[in-house]
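Observations on the three-dimensional arrangement
As a plain string of letters, each chain reads:
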Amino acid sequence: MSRKRTAVLISGRGSNMSALISAAQSPDYPAEVALVLSNRPDAKGLERAAENGIPTTVVDHKLFSGDRQAFEKAVDDILKEHRIELVALAGFMRILTPYLVDAWANRMINIHPALLPSFKGLETHERALSEGVKLHGATVHYVSSEMDDGPIIMQGAIPVLDTDTPDTLAARVLEVEHRIYPKALELVASGQAKVSGARVETGDADASGMLIFP
Ligand code: GAR
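Numbering of residues starts from 1 in each chain and follows the order in which that chain's sequence is written. Where local features are concerned, this predicted model is filtered to residues with pLDDT of at least 70; where side-chain atom pairs are given and counted, the filter is 80 or more; whole-chain, interface and lining totals use all residues. Just so you know, side-chain values use all the structure's heavy atoms and leave hydrogens and water out.

As for the overall build of the protein
From N to C terminus, the protein includes six helices and nine strands. For 214 residues, the compact-globule estimate of 2.2 N^0.38 gives 17 Å, and the C-alpha radius of gyration of the protein, at 17 Å, lies within 12% of that figure. Judged by the C-alpha coordinates and their principal axes, the protein covers about 50 × 40 × 35 Å. The positive charge centre, built from 22 side chains, and the negative charge centre, built from 28, are 2 Å apart in the protein. Numbering goes from the N terminus for both helices and strands, where a helix is a DSSP run of H or I of at least four residues and a strand is a run of E of at least two. Here the radius of gyration uses the C-alpha set of atoms, whereas the globule reference equals 2.2 Å times the residue count to the power 0.38. We score Asp and Glu as negative and Lys and Arg as positive, and we do not count His or the chain ends. Where a charge lies is defined by one atom per residue type, namely NZ (Lys), CZ (Arg), CG (Asp) and CD (Glu).

Here it is as structure tokens:
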């Protein structure tokens, strides 16, 4: 089996990156983490990736004086240099333009800490609490040029408790993220996830029934 060479793009602690690295340590997992790229030199996840023997690189967006396309070209060049086939955004906090998104159409995925299409953007847990939703969770989706949009590959949901604060909710959603991101990357890398218009079909691999984590 040829494992898909996957780059994980981070900006911070990289706990989702670690979940993907752990999953990819299994020899029958269909993706290998071949590169970790950060836009911030101080991202904690870089150390963790290096400890796991994974090549790391930094493309510091601050060095591009606001020229988003030049930044994205630098990222794209490195992805090509490393013969990357799939890109997994894992807390990569840069808004991408169509330049990079189109270049990686159907080959770039993202995890977002909310049940999309609700709560796009930042402070998802605070907003989930203030809107009074009873279910909250995380979504893995293909990246499109709209922020936090694109065909949904997998979602995981948890109940919102009366006692929840943004921090307790974030912690439980993060556990969900660590469970669904490796499964979603597996579906993509194995070719089981197929984009059909706005939907992703996963056929026999349909994971419904496994996605609520009470
Ligand atoms: C995760 O909760 C991820 O879903 C979120 O950033 C966090 C990164 O944590 N991403 C976004 O908000 C993107 N819109 P991590 O660095 O520990 O994986």
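Some words on helix H3 (residues 68-81)
Taking 1.5 Å as the rise per residue, H3 with 14 residues should run 20 Å; its terminal C-alpha atoms sit 20 Å apart, in good agreement. Considered for burial, the residues of H3 that qualify are Phe 71, Glu 72, Val 75, Asp 76, Ile 78 and Leu 79. When H3 is viewed along its axis, its buried side chains cluster within an angular range of 160° and face the same direction. Exposed positions of H3 whose direction lies more than 90 degrees from the buried face are Lys 80 and Glu 81. For this analysis, residues touch if any pair of their heavy atoms sits within 4.5 Å. For H3, the secondary structure elements touched by its buried residues are strand S1 (4-10), strand S2 (31-38), strand S3 (56-58), strand S4 (86-89) and helix H4 (98-103). For H3, the N-terminal cap is Asp 67; the gap from its side-chain oxygen to the backbone nitrogen of Gln 69 is 3.3 Å. Looking one or two residues past H3, Arg 83 carries a phi angle of roughly 50°, positive in sign. Expected helix span is taken as 1.5 Å per residue step, with the number of steps being one fewer than the number of residues. Type-normalised accessible area, obtained with a 1.4 Å probe on protein chains alone, sets the label of each residue: buried when under 20%, exposed when over 50%, and partly exposed for intermediate values. Arc, as used here, means the arc of the directions from the helix axis to the C-beta atoms. N or O atoms within 3.5 Å of each other form a polar contact, as long as, within protein, one can give a hydrogen and the other can take it, and as long as residues adjacent in sequence are counted only when both atoms are side-chain atoms.

A look at the pattern of salt bridges
A side chain with one charge can pair with a side chain of the opposite charge if their charged atoms come near. Put simply, a salt bridge is a Lys or Arg side-chain nitrogen that is within 4 Å of an Asp or Glu carboxyl oxygen. Applying the stated criterion to the full structure yields five salt bridges. A salt bridge links Asp 77 to Lys 73, with the shortest nitrogen-to-oxygen separation between them at 3.0 Å. With Asp 77 and Lys 73 both in helix H3, this residue pair falls four residues apart, about one helical turn. Taking the relative accessible area as the measure of exposure, Asp 77 reaches 32% and is therefore partly exposed. Salt-bridge contacts for Lys 80 lead to Asp 76; the nearest nitrogen and oxygen are separated by 2.9 Å. Taken as a pair, Lys 80 and Asp 76 lie in helix H3 at a separation of four residues, close to a single helical turn.

Brief notes about the environment of Gly 121
Among the secondary structure elements, Gly 121 is positioned in the loop between strand S5 (108-112) and helix H5 (124-131). Along the primary structure Gly 121 and Met 147 are separated by 26 residues, whereas in three dimensions their C-alpha atoms are 7.5 Å apart. With residues up to four places along the chain from it excluded, the contact list for Gly 121 reads His 112, Arg 127, Met 147 and Asp 148.

What about the pairing of S4?
Burial of the side chains of S4 extends over both faces: Leu 86 and Ala 88 are buried on one face and Val 87 and Leu 89 on the other. Two strands are said to pair when DSSP picks up at least two bridges between them. Taken together, the four bridges between S1 and S4 define a ladder with parallel strand orientation. Opposite Ala 7, over in S4, you have Val 87 as the bridge partner. Traced from S4 through H4 to S5, the parallel crossover comes out right-handed. A crossover counts as right-handed when, viewed with the strands pointing away from the observer, the path leading from the first strand over the helix to the second turns clockwise.

Notes on the site of the ligand
Note on terminology: near, applied to a residue and a molecule or strand, indicates that one of the residue's heavy atoms is within 4 Å of it. Close to the ligand lie Arg 13, Gly 14, Ser 15, Asn 16, Gly 91, Met 93, Ile 111, His 112, Pro 113, Asp 148, Leu 174 and Glu 177, which account for all nearby residues. Ser 15 is positioned such that a nitrogen or oxygen atom in its side chain is 2.6 Å from an oxygen atom of the ligand. The side chain of His 112 places a nitrogen or oxygen atom 3.3 Å from a nitrogen atom of the ligand. Reported accessibility uses the Shrake-Rupley method at a 1.4 Å probe radius. Residues are deemed covered only where the shown protein chains occlude them. Coverage of the ligand by the protein chains reaches 87% of its 450 Å² of free accessible surface. Of all elements in the fold, only helix H1 (15-24), S5 and helix H6 (166-189) reach the threshold of two or more residues within the shell around the ligand.

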